[in-house]
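Chain residues, written in single-letter form:
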Amino acid sequence: MSDLWPRIEPLLARVEKPARYIGMEMGTEPGSLAPRHGSSRAAFLLIYPDTYEIGLPNQGLQILYELLNEREDAVAERAYAPWTDMEAAMRAARVPLFSVDTHRAAADFDVLAFNLSAELVYTNLLNLVDLAGVPVRNADRSPSHPVVIAGGHCTYNPEPLAEYVDAFAIGDGEEVIGEIADVVGAWKRGGRASREAVLRELATIPGVYVPSLYDVEYEGPVVRSVTPRYADVPAIVDKRTVADLAEWPYPKRQLVPLVEVVHDRLNVEIFRGCTRGCRFCQAGMITRPVRERPEEQVRTMVREGLRRTGYDEVALTSLSSADFSGIEGVVADLVTDQEGTGGVSVSLPSLRVDAFTVGIASELQKVRRSGLTFAPEAGTWRLRQVINKLIIEDDLYSAVDAAYSQGWRRVKLYFLTGLPTEMDEDTLGIAQLATNVTDIGRKYTKQASCTVSVGGFVPKPHTPFQWFGQNGVDELQRKITLLRNAVRGTRAQVKWHDPKATFAEGIASRGDRRIGRVIERVWRAGGTFQEWSEGFSLDLWLDAMRAEGLDPDWFVTRHRTRDEVLPWAHIAAGLHADFLWGDWQAALAEHGLPDCRWTPCYDCGVCTDYALEHVVASPVTPAGGSQGTGQDLTRSAVDVPVRFLGSKVRS
Amino acid sequence: MRGGAANPVRLRYTKLGKVRWISHRDVARALERAFRIAQLPLAFSEGFSPRPRVSFGLALSTGHESDAEYVDLVLAEPVDLDALPSRLDAGLPEGIAIVGAVALADRAPALQEAVTCVEWRVDVAHGDLTEVDPARLREQVDAALAEPVLEATRHRKGRDVIEDVRPVIRRITVCDEPSAAGLPTVVEMEMSTQPRGAKPGEVLAAIGDFTDVRALRTYQWIERDGARQEPLDADTRPRVPEACAS
Ligand code: B12
Ligand code: SF4
């Protein structure tokens, strides 16, 4: 197969950041994981549909890359979205999308496998398929074209891309990728005969959804049903879940890029899943239950990872890292381990609001002390009960006090706006919180500052808020303006996400199959890199909706009713519809719900239906309690399906 | 001296092949990671946020290759310098290789000031990447160098400025044999770096419709008192016998 490098290299002198296109990451050198092709190996091109700097650190694709390259019958390479300057140069020179590992043409692979972590990258997916020389719609592809698959969180509503992606993998990918490789490998060795045959075969793998094998019927504008066309195709596609993270200590050899990327550090995933139950958070809902990695394995992965990569920073990643039961021990060891080596900086994304975590943070960030970030998400206790982010103001203030007193100067607060039941009082509550926070800071330093970052809320499938009608552009803008005026003259600074982008995300997020043509039109009109402010244009989306005869407000700002068939109803994250609806009603009634790791199970459906259980090292609630509040959580945890890891239990 | 003894070291390294597309900053980060992978006993600066004592020589632009790049570092304890290149190799990408390591005198002048002259070997094409006739190029070079001033467009801080690059140029030789890349025309350029240098491409574009398809830095020189020395030979400390080093 052809190495396109001689045709790529002449383009590099004319583009921004040419190193995006050369590969050469540590971990890909010959003899290590270097991809080995062969006629009996199923060849996967793993693609992150955004720039190299954003895409390379994606842990999901790095895990799959290793798993595939460890196999004797598969091979994986990687590709990212070329920036607009490079794309133009490639199209002019007729250079197709290529892998960064060996600079092989995308169309030479058997599978184009995308990660979808954000909806606004959908137009990039179409663009990359096109740049690969493959027809963008799956109906137009022949057996000579690669199979286009996708995984990642966005695939929990696969419908907007149903006409463009051949197969979706729902949930954790560690096991399913091997099963997909088996099927594709057999197809390849059989001469890649019929496309229909390989898709039918893929559809029999649990967790794999092949949209072309389902018929969608509408009743007026609403979906009436999504039905499989064959008996062996499942009516409901259930997510895949890796029961025990300990069996998957990946990536074992995290790739170290030569160019600076986001999250340029060693990342060690310490647990998957989160049951805090924040009602706006899709990631928390779809990744249940909690599966902790054994403390000892975390230590080994950190120690070996640092030694192998030469990084001086490590992030212990998860949806809420301070909740890890072994966190104290791991942190203490990390600090002792690194004494005298010049220091390693450790970051824990998503801190809880309590002095304990601030203590850890100062312990860890001896080397580089950036800002401390807390995410109260809403400005009043009332609204925080609605969204089930039960942070008590006084806890936030003592955490902030601890932070400023230990030398931090900048505190960042994250909020969402456009939440269900939100009133102007709640918006002004954000300003009040921020003012109080800076006042606390000024007791310690004149330079104390506080950044308030506000994102527009987009209701996501498989969450209790999936029925909620999103705020329109004007309403979000009005709230942002209200907030900006309220903090004028204080030391708090407001940053906000463009409400127009929030609206477009809303179209893609809860769209049905018809939204696919809208995405295609946006792409054809030049709308790539929609999550970049340089590339984004709401007008492209609204024009496309109009051209397709679809009403944007019907998709975005309309409240759904309980009896409506949601477009993703045939995809299951294990959450019972009754649980989600009940939780939505509880939200409207301003009732919180505790974390089922430490309080009795309320049967959301996941553990019970999938025979799963929480895997945690300690039954003891973290300091600050469930949700970081002082809630009484002394009730026993016997009713929760929990498996304790063998490691020592702290009390 | 024991304990707090500083052990300054100078390394020479290459940047060849695909890796030429990474920036000078990326090279610095790759080397620093390689030092940590090899667990090199780097000395750290004093102060609130200690930094390893590493200082890089002249920047090499993204896209240029080199046989002769240098970095100075200070080690907290002596190491076997002969073994250093292979010790660092495992942590470095293909194309970046340590090709020399010497003990440096205390307080040796920094590379950025000490280096006064560099040499390049450049594959030349026209601006539209078509082939250049060596005879034509030779004529144009001779004509350009005969003038007292050679105005070049230089990209500085995001703006194009016109500057006279004639004082930078010491020698331009159009070679007779073709390059390995198959281009018929190769030039050797020798240029000053103080008070400021110029890129081969900027000089070529000032001479005519020419560009550098590939530029390889072949030498860096430290000139002092009429003599020129390779940085690995200048300011170095005589090899200390093993017995004394420990
Ligand atoms: C690191 C991170 C980032 C990094 C790096 C992103 C990256 N390249 O992955 C940065 C800072 C760039 C980032 C940016 C953003 N992020 Co982010 N990020 C994360 C974070 C913390 C970890 C992601 C991760 O590595 N997960 C671990 C891996 C193992 O899981 P995974 O990627 O899902 O992969 C598994 C499966 O999904 C599956 N799989 C995945 N892909 C594929 C493909 C195939 C073919 C198959 C078979 C299987 C498969 O297999 C994998 C192994 O099981 C998550 C939170 C979290 N813990 O998940 C948020 C998260 C993914 N980000 C989120 C958001 C909102 C964003 C931004 C939009 C923020 C913003 N407003 O700018 C941007 C979008 C950038 C972009 N264009 O993608 C949300 C997504 C929410 C949503 N879409 O509903 C999350 C869930 C956080 C949250 N709770 O809000 N993010
Ligand atoms: S089934 Fe019970 S324990 Fe499991 S995630 Fe749902 S509520 Fe929590």
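A. Seen up close, the overall build of chain A. Summing up its helical and strand segments, chain A has 21 helices and 21 strands in all. Over its C-alpha trace chain A gives a radius of gyration of 24 Å, about what one expects of a compact globule, namely 26 Å for 651 residues. For chain A, the C-alpha atoms occupy an extent of roughly 70 × 65 × 55 Å along the three principal directions. Within chain A, buried positions represent 62% of all 651 residues. Accessible surface, chain A as shown: approximately 23100 Å² in total, 52% of it carbon and sulfur. Chain A carries 71 positive and 87 negative side-chain charges, and their two centres are separated by 3 Å.

B. Structural view of the overall build of chain B. On a plain count of helices and strands, chain B comes out with six helices and 11 strands. Overall, chain B is about 60 × 35 × 35 Å in size when its C-alpha atoms are taken along their principal axes. Expressed as a percentage of contacts within chain B between residues at least 6 apart in sequence, the contacts between residues at least 24 apart total 75%. Within chain B, the 39 negative side-chain charges are centred at a point lying 7 Å from the centre of the 32 positive side-chain charges.

C. Here's a closer look at the interface of chain A and chain B. On the chain B side, the residues contacting the 26 residues of chain A number 22 residues. Between chain A and chain B, the buried area comes to about 2000 Å², and carbon and sulfur atoms account for 57% of it. When the buried area of chain A at its contact with chain B is split by residue, Glu9(A), Met24(A) and Leu258(A) rank highest and sum to 27% of it. In this assembly, chain A and chain B are joined by five salt bridges. Measuring nitrogen to oxygen at the nearest pair gives 3.9 Å for the salt bridge that ties Glu9(A) to Arg214(B). Here chain A and chain B share eight residue pairs in polar contact (both at pLDDT 80 or more) between them. Where the side of chain A that touches chain B is concerned, the elements lending two or more residues are helix 1 (5-12) and helix 9 (295-309) of chain A.

D. Just the site of ligand 2, in detail. Surveying the vicinity of ligand 2 reveals 13 residues, the closest of which are Cys596(A), Cys601(A), Tyr602(A), Cys604(A) and Cys607(A). When its residues are assigned to classes, the shell around ligand 2 shows eight nonpolar, three polar and two charged.

E. Representation of the domain arrangement of chain B in the model. Residue and element names in this part refer to chain B. Domain annotation for chain B reports domain 1 (7-113 + 231-244) and domain 2 (114-227). Of note, the centres of domain 1 and domain 2, computed from C-alpha atoms alone, are 27 Å apart. Both sides of the domain 1 and domain 2 interface together cover about 1600 Å² of buried area, and 48% of this is carbon and sulfur. Considering only the side of domain 1, the residues that lose the most area to domain 2 are Leu58, His64 and Glu65, jointly responsible for 32% of the buried surface there. Seen at the junction of domain 1 and domain 2, the total is three salt bridges.

F. Just the packing of aromatic side chains, in detail. Residues and elements named next belong to chain A. The final tally for this structure, using the stated rule, is 15 aromatic pairs over all chains. Relative to Tyr80, the ring of Tyr52 lies with its centre 5.0 Å away and its plane at 80°, an arrangement referred to as edge-to-face. In this pair, Tyr52 sits in helix 2 (residues 52-55) while Tyr80 sits in strand 2 (residues 74-80), placing the two residues 28 residues apart along the sequence. For the pair Tyr52 and Tyr80, a shared accessibility class is recorded, and that class is buried. Judged by centre distance (4.9 Å) and plane angle (55°), the rings of Tyr209 and Tyr214 are tilted. For Tyr209, a relative accessible area of 0% gives the class buried. Owing to a relative accessible area of 3%, Tyr214 belongs among the buried residues under this scheme. Clustering of aromatic rings is evident, with ring pairs tying together Phe457, Phe465, Phe468 and Trp584. The ring of Tyr230 carries the charged tip of Arg200 above its face, separated from the ring centre by 3.7 Å. Arg558 extends its terminal NZ or CZ atom over the ring of Trp554, reaching a point 3.9 Å from the ring centre.

G. Inspection of the site of ligand 1 at higher detail. All names here are of chain A. In the neighbourhood of ligand 1, 36 residues make up the surrounding shell, with Tyr48, Asp50, Ile54, Asn58 and Glu174 lying closest. Within the side chain of Tyr48, a nitrogen or oxygen atom sits 2.4 Å from an oxygen atom of ligand 1. Within the residue set of the shell around ligand 1, elements represented by two or more residues are helix 3 (59-70), strand 3 (111-115), strand 4 (147-151) and helix 8 (282-286). Considering each element in turn, the shell around ligand 1 owes the most residues, four residues, to helix 3. Here the residues of the shell around ligand 1 sort into 15 nonpolar, 13 polar and eight charged.

H. Structural context of helix 15 (residues 473-487) of chain A. Residue and element names in this part refer to chain A. For helix 15, which comprises 15 residues, the first-to-last C-alpha distance of 21 Å matches the rise-based estimate of 21 Å (1.5 Å per residue) to within 8%. Listing the buried residues of helix 15 in full gives Val473, Leu476, Lys479, Ile480, Leu483 and Val487. The buried residues of helix 15 occupy an angular sector of 135° when the element is viewed end-on, so they sit on one face. Turning to helix 15, the residues buried within the fold contact strand 16 (410-417), helix 14 (424-442), strand 17 (449-456), strand 18 (492-496), helix 16 (499-509) and helix 18 (538-547). The positive-phi residue at the C-terminal boundary of helix 15 is Gly489, with phi of around 85°.

I. The arrangement of unusual backbone geometry in detail. Residue and element names in this part refer to chain A. Of the consecutive residues Tyr250 and Pro251, the connecting peptide bond is found in the cis state with omega at -10°. Tracing the backbone shows Pro251 in the loop between strand 9 (237-238) and strand 10 (266-269). A cis amide bond links Arg288 with the next residue in sequence, Pro289, at an omega value of -10°. Position of Pro289 among the secondary structure elements: in the loop between helix 8 and strand 12 (291-292). At Thr421, a position not held by glycine, the phi torsion is positive, near 70°.

J. Summary view of helix 7 (residues 195-203) of chain A. Residues and elements named next belong to chain A. Listed in full, the buried residues belonging to helix 7 are Arg195, Val198, Leu199, Leu202 and Ala203. Taken end-on, helix 7 shows its buried residues confined to a sector of 140°, consistent with a single buried face. Each element contacted by the buried residues of helix 7 is listed here: strand 4, strand 5 (167-169), helix 6 (176-189) and strand 6 (208-209). Two or three places before Glu196, at the start of helix 7, stands the capping residue Ser194, its side-chain oxygen 3.2 Å from that residue's backbone nitrogen.

K. Representation of the confidence of the model for chain A. Residue and element names in this part refer to chain A. Across chain A, the average pLDDT comes to 91, with 91% of residues at or above 70. Here residues 626-640 is a poorly scored stretch, pLDDT under 50, and it has 43 contacts once near neighbours within four places are set aside; other chains count. Segment residues 646-651: pLDDT under 50, and 13 contacts once partners within four positions in sequence are set aside and those in other chains are kept.

L. Main features of the pairing of strand 7 (residues 214-219) of chain A. All names here are of chain A. Bridge count between strand 7 and strand 8 (residues 222-228): six bridges; the pairing is antiparallel. Directly across from Glu217, in strand 8, lies its bridge partner Ser225. Between strand 7 and strand 8, which pair antiparallel in sequence order, lie two residues; one of them, Gly220, sits at a positive phi of approximately 60°.

M. Highlighting the packing of helix 13 (residues 393-405) of chain A against helix 14 of chain A. Residue and element names in this part refer to chain A. Their axes nearest at 9 Å, the elements helix 13 and helix 14 cross at an angle of 35°. Handedness of the crossing formed by helix 13 with helix 14: right-handed. Note on element contacts: helix 14 touches helix 13 through Leu433, Asn436, Val437, Ile440 and Gly441, opposite Glu393, Leu396, Tyr397, Val400, Asp401 and Tyr404. Within the contact of helix 13 with helix 14, the residues separate by chemical class into seven nonpolar, two polar and two charged.

N. Spotlight on the sheet that holds strand 17 of chain A. Residue and element names in this part refer to chain A. What the four strands build is an open sheet, ordered 15-16-17-18; its pairing is parallel. The open sheet is flanked by strand 15 (372-377) and strand 18, the only strands paired with a single partner. Within this sheet the neighbouring strands show an average axis-to-axis angle of 25°, counted without direction. Of the strand pairs in this sheet, strand 17 and strand 18 are connected by five bridges, and their pairing is parallel. Directly across from Thr451, in strand 18, lies its bridge partner Gln493. On the sheet, helix 14 packs against strand 16, strand 17 and strand 18 and is oriented at approximately 160° with respect to strand 17. Contacts from helix 15 reach strand 16, strand 17 and strand 18, with the element oriented near 165° to strand 18.

About the criteria used
- Residues numbered from 1 in each chain as written.
- Chains lettered and ligands numbered in written order.
- Predicted model: local features only at pLDDT ≥ 70, side-chain atom pairs only at ≥ 80, totals over all residues.
- Heavy atoms only, no water.
- Helix = DSSP H or I, 4+ residues; strand = E, 2+ residues; numbered from the N terminus.
- Rg over C-alpha atoms; globule rule 2.2 N^0.38 Å.
- Buried < 20%, exposed > 50% of the residue type's maximum accessible area, 1.4 Å probe, protein only.
- Areas by Shrake-Rupley, 256 points an atom, 1.4 Å probe, with all protein chains shown as cover.
- Lys, Arg positive; Asp, Glu negative; His and termini not counted.
- Charge placed at Lys NZ, Arg CZ, Asp CG, Glu CD.
- Contact = heavy atoms within 4.5 Å.
- Buried area = accessible area lost by both parts, 1.4 Å probe.
- Salt bridge = Lys/Arg side-chain N within 4 Å of Asp/Glu carboxyl O.
- Polar contact = N/O pair within 3.5 Å; in protein donor to acceptor, adjacent residues only side chain to side chain.
- Near = heavy atom within 4 Å.
- Nonpolar A, V, L, I, M, F, W, Y, C, P; charged D, E, K, R; others polar.
- Domains from an automatic or database assignment.
- Phe/Tyr/Trp six-rings, centres within 6.5 Å; stacked < 30°, edge-to-face > 60°.
- Lys NZ or Arg CZ within 6 Å of the ring centre and 35° of its normal.
- Expected span 1.5 Å × (residues − 1).
- Arc of directions from axis to C-beta.
- pLDDT = per-residue confidence, 0-100.
- Pairing = 2+ DSSP bridges.
- Axes fitted to C-alpha atoms, helices over the stretch in contact; angles between N-to-C directions.
- Left-handed = near helix turned anticlockwise from the far one by under 90°.

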